[in-house]
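Listed below, chain by chain, are the residues.
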Amino acid sequence: MDLRIFTEPQQGATYETLLRVAKATEDLGYSAFFRSDHYLVMGASDGLPGPTDAWITLAGLARETKRIRLGTLMTAGTFRLPGVLAIQVAQVDQMSGGRIELGLGSGWYEAEHSAYGIPFPKEKFGRLEEQLAIVTGLWETPVGERFAFDGTYYQLADSPALPKPAQPKVPVLIGGHGAKRTPALAARYASEFNIPFASLADSEQQFKRVRAAAEEVGRKAADLTYSNALVACVGKTDAEVKRRADAIGREVEDLKANGLAGSPEEVVERIAAYQAVGSQRMYLQILDLDDLDHLELISSQVMTRLT
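Rules behind the numbers
Sequence order as written defines the numbering, with residues in each chain counted from 1. Only residues with pLDDT of at least 70 are given local features in this predicted model, and only at 80 or more are side-chain atom pairs given and counted; all residues enter the totals for whole chains, interfaces and linings. The basis for the side-chain values is all heavy atoms of the structure; hydrogens and waters are excluded. Helix and strand assignments follow DSSP, with helices taken as H or I runs no shorter than four residues and strands as E runs no shorter than two, numbered in order from the N terminus. The quantity called the radius of gyration is restricted to C-alpha atoms. Its globule counterpart is 2.2 Å times the number of residues to the power 0.38. When accessible area is computed with a 1.4 Å probe and restricted to protein chains, residues below 20% of their type maximum are described as buried, those above 50% as exposed, and intermediate ones as partly exposed. Whether two residues are in contact is decided by their heavy atoms: any pair within 4.5 Å suffices. A 1.4 Å probe and the Shrake-Rupley method give the accessible areas. Residues count as covered only by the protein chains that appear here. Definition of nonpolar core: a set of buried residues of the types Ala, Val, Leu, Ile, Met, Phe, Trp, Tyr and Cys, connected through side-chain atoms within 4.5 Å. Between 30 and 60 degrees the pair is tilted, below 30 it is stacked and above 60 it is edge-to-face, where a pair is any two Phe, Tyr or Trp rings, Trp via its six-membered ring, whose centres lie within 6.5 Å. Here, a charge over a ring means that NZ of Lys or CZ of Arg falls within 6 Å of the ring centre while also lying within 35 degrees of the ring normal. Per-residue confidence from the prediction method is given by pLDDT, with values spanning 0 to 100. Each salt bridge in this description consists of a side-chain nitrogen of Lys or Arg and a carboxyl oxygen of Asp or Glu lying within 4 Å of one another. Think of each axis as a best-fit line through the C-alpha atoms, taken over the contacting stretch in the case of a helix, with angles from 0 to 180 degrees between the N-to-C directions. To sort the angles, those under 35 degrees are grouped as roughly parallel, those over 145 as roughly antiparallel, those from 65 to 115 as roughly perpendicular, and the leftovers as oblique. Take the far helix as the reference: if the near one is turned anticlockwise from it by less than a right angle, the crossing is left-handed, and if turned clockwise, right-handed. We call Asp, Glu, Lys and Arg charged. Ala, Val, Leu, Ile, Met, Phe, Trp, Tyr, Cys and Pro are nonpolar, and the rest, Gly among them, are polar.

Student: Would you explain the overall build of the protein chain in this entry?
Tutor: Within the protein chain, the secondary structure is distributed over 11 helices and 12 strands. The C-alpha atoms of the protein chain give 19 Å as radius of gyration, which agrees with the globular expectation for 307 residues (19 Å, within 12%). Once the C-alpha set of the protein chain is aligned to its principal axes, its extents read approximately 60 × 45 × 35 Å. Among the 307 residues that make up the protein chain, the fraction classed as buried is 56%. A fraction of 72% describes how many contacts in the protein chain between residues 6 or more apart in sequence connect residues 24 or more apart. When the accessible area of the protein chain is evaluated, it comes to approximately 13,500 Å², of which 51% is carbon and sulfur surface.

Here it is as structure tokens:
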């Protein structure tokens, strides 16, 4: 089971804070540092000092880390035109030496669009389909050839389809709970399918849908990686678990029921249960970014048991 760190900087984090967490992620043996792509705080937090941009953050981290993979869960399709996004991701992949992964979703949080003057279209899924076709199409176009696209929402003409990423194929992550269109989209474009904040039963059912959709389009189901994202709250004692739950404004029992919470032994057992229904990778949502001891505990007492 591959463990990755997943952060929510819109809740309040500077670039310096994210850099500390990313460096700890690398030093402690995790495989990747991922972040959300939001511009507005959610819930009761004040969100200070304000949002940071996902791809600007990853560009900085690309130059200040050496080993870990870097990516988004998920880049909001409403925030960026697909041609511009293809350029941004390719450039950051070059800056990282080929360590970037692109999670791309349709965008959903209407309030952040209103807050920053970003159009929030009614039809988002159709746009996402075209965005995936364009971004991957631009990257796959051989150097010296041209790319064109004539869609309902986007049109590209005579594009040189540059720059290219450092990797021959940037991993693309698609995720969600949709029963039909989401698995079909993952089958066409994804290297990895991620289901966030889902129960064991829902994860198993959605993984089965994606596997079936992949086989329907002629791919092997095993060609995709299947992953979960769950909030983490681990402690050596009950008191430590409660302290960490209190710090993020959550109840321990809720976290145990819907996340990865409790002692290292309890969390290892919980992760093993997700592995049993098909999960191969776990994104640990870390909400208290000042608690680096939390990352060290998971590394030393959870990760080691899983490997």
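Student: How do you make sense of the nonpolar core when you look at a structure like this?
Tutor: General note: in soluble globular proteins, nonpolar side chains tend to be found buried as a group. Of all hydrophobic cores here, the largest spans 75 residues; its most connected members are L3, F33, W55, L284, I298 and V302. Discounting chain neighbours no more than four positions away, the residues touching F33 are I5, T7, L18, V21, A22, T25, L61, I68, R69, L70 and G71. Within the second largest apolar cluster, eight residues are counted, among which are V231, V241, A245 and A261.

Student: When you look at the environment of M282 in this model, what are you seeing that I'm missing?
Tutor: Summarising the element assignment, M282 is placed in strand β12 (residues 281-286). The sequence separation of M282 and D293 amounts to 11 residues, and the corresponding C-alpha distance is 19 Å. Sequence-distant contacts of M282, that is, excluding residues within four places in its chain, are made with M1, D2, L3, R4, N228, L230, L260 and Y274.

Student: Quick question: what am I supposed to make of the packing of aromatic side chains here?
Tutor: All chains considered together, the criterion is met by five aromatic pairs. An angle of 15 degrees between the planes, with centres 4.5 Å apart, marks the rings of Y39 and F79 as stacked. One end of the pair, Y39, is in the loop between β2 (32-35) and α2 (54-64); the other, F79, is in the loop between β4 (75-76) and α3 (82-96), and 40 residues separate them in sequence. Each member of the pair, Y39 as well as F79, carries the same accessibility label: buried. If you follow R211 out to its NZ or CZ, it ends over the ring of Y226, 4.4 Å from the centre.

Student: Would you explain the confidence of the model for the protein chain in this entry?
Tutor: Reading fine detail from the predicted coordinates is not recommended where pLDDT is low. In this model, the protein chain carries a mean pLDDT of 98, and residues with pLDDT of at least 70 account for 100%. Element-level mean pLDDT values for the protein chain span from 97 in helix α11 (residues 292-306) up to 99 in β2.

Student: It is not clear to me how the pattern of salt bridges should be interpreted in this structure. Could you clarify?
Tutor: Pairs can form between side chains of opposite charge whenever their charged atoms are close. In this structure the tally under the stated criterion is 17 salt bridges. Residue D37 is joined to R80 by a salt bridge in which the shortest nitrogen-to-oxygen separation is 2.8 Å. Here R80 lies in the loop between β4 and α3 and D37 lies in the loop between β2 and α2, a separation of 43 residues in the sequence. With respect to burial, D37 and R80 carry one shared label: buried. For the salt bridge of D291 with R244, the shortest nitrogen-to-oxygen distance reads 2.5 Å. Remark: R244 occurs in helix α8 (residues 238-247) and D291 occurs in the loop between β12 and α11; sequence separation between them is 47 residues. We note that D291, like R244, is buried. A single network of salt bridges, built from pairs that share partners, joins D2, R4, R69, E101, E192 and R281.

Student: I'm lost on the packing of α3 against helix α5 (residues 125-140) in this one. Help?
Tutor: If you want to describe how two helices pack, look at the angle between their axes and the distance between the axes. Two elements in contact, α3 and α5, have axes whose closest approach is 9 Å; the angle formed by their N-to-C orientations is 45 degrees. Compared by their axis directions, α3 and α5 come out oblique. The two elements α3 and α5 cross, and the hand of that crossing is right-handed. On the side of α3, the interface is formed by P82, G83, L85, A86, V89 and A90, while α5 contributes Q131, I134, V135, L138 and W139. Looking at the contact of α3 with α5 residue by residue, the class counts come to nine nonpolar, two polar and no charged.

Student: Is there a simple way to think about unusual backbone geometry in this case?
Tutor: Most peptide bonds adopt trans geometry, and most residues besides glycine take a negative phi value. The peptide bond linking L73 to M74 adopts the cis configuration, its omega dihedral lying at -20 degrees. Position of M74 among the secondary structure elements: in the loop between β3 (69-72) and β4. Even without a glycine there, the phi angle at A161 is positive, about 55 degrees. Its place among the elements puts A161 in the loop between β7 (155-159) and β8 (172-175). Looking at A161, the relative accessible area reads 3%, which means it is buried. Even without being glycine, F197 reaches a positive phi, approximately 55 degrees. By the element assignment, F197 lies in the loop between β9 (192-196) and α7 (200-216). According to the relative accessible area criterion, F197 is partly exposed, its value standing at 42%.

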